[in-house]
Amino acid sequence: MENKFYHLCYLPIFEQGLISTASYITNILKNEEAALRLIDDIM
């Protein structure tokens, strides 16, 4: 079976939403570790 490589691109609206969500978790909920974990899981 042939190995296939894929390139994943995120839409700008998704990136904006992710930044907003991470900012909310970090600044409002005061949980920077959870925000970083969310970003790591998505990437």
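For the structure given in this document, a descriptive report is provided here. (Residues numbered from 1 in each chain as written. Predicted model: local features only at pLDDT ≥ 70, side-chain atom pairs only at ≥ 80, totals over all residues. Heavy atoms only, no water.)

With that settled, the discussion passes to the overall build of the protein chain. Within the protein chain one finds two helices and zero strands. Buried residues in the protein chain amount to 12% of all 43 residues. When the accessible surface of the protein chain is split by element, carbon and sulfur atoms take 59% of a total near 4,200 Å². (Helix = DSSP H or I, 4+ residues; strand = E, 2+ residues; numbered from the N terminus. Buried < 20%, exposed > 50% of the residue type's maximum accessible area, 1.4 Å probe, protein only. Areas by Shrake-Rupley, 256 points an atom, 1.4 Å probe, with all protein chains shown as cover.)

This paragraph deals with the packing of aromatic side chains. Scanning all chains against the criterion turns up one aromatic pair. Summarising the aromatic geometry, the rings of Tyr 10 and Phe 14 are spaced 5.1 Å apart at their centres and angled 25 degrees between planes, so their arrangement reads as stacked. Note on Phe 14: relative accessible area 35%, which makes it partly exposed. (Phe/Tyr/Trp six-rings, centres within 6.5 Å; stacked < 30°, edge-to-face > 60°.)

Moving on, we come to a nonpolar patch on the surface. Together, Leu 11, Ile 13 and Phe 14 give the surface a local cluster of nonpolar side chains, amounting to about 330 Å² of exposed area. In this fold, Ile 13 is placed in helix H1 (residues 12-27). With a relative accessible area of 64%, Ile 13 lands in the exposed category. (Patch = residues over 30% accessible without salt bridge, like charges linked within 9 Å, V, L, I, M, F, W, Y side chains within 5 Å. Salt bridge = Lys/Arg side-chain N within 4 Å of Asp/Glu carboxyl O.)

Opposite charge on two side chains makes pairing possible when the charged atoms of those side chains draw close. Within the structure shown, the criterion is met by one salt bridge. Between Glu 33 and Arg 37 there is a salt bridge whose closest N-O contact spans 3.3 Å. One end of the pair, Glu 33, and the other, Arg 37, are both in helix H2 (residues 32-42), four residues apart, so they sit about a helical turn from each other. By relative accessible area, Glu 33 is classed as exposed at 58%.

Among all residues save glycine, negative phi is the norm, and among peptide bonds the norm is trans. Notably, Lys 30 is not glycine yet its phi reads approximately 60 degrees, a positive angle. Tracing the backbone through its elements, the reader meets Lys 30 in the loop between H1 and H2.

The end-to-end C-alpha separation of H1 is 22 Å, in line with the 22 Å expected for 16 residues at 1.5 Å each. Taken as a whole, H1 has its buried residues at Leu 18, Ala 22 and Ile 25. All buried residues of H1 lie within an arc of 65 degrees about the axis, which places them on one face of the element. Facing away from the buried side of H1, by more than 90 degrees, are the exposed residues Pro 12, Ile 13, Gln 16 and Ile 19. (Expected span 1.5 Å × (residues − 1). Arc of directions from axis to C-beta.)

Without other data, these values stay purely geometric and don't point to any function.
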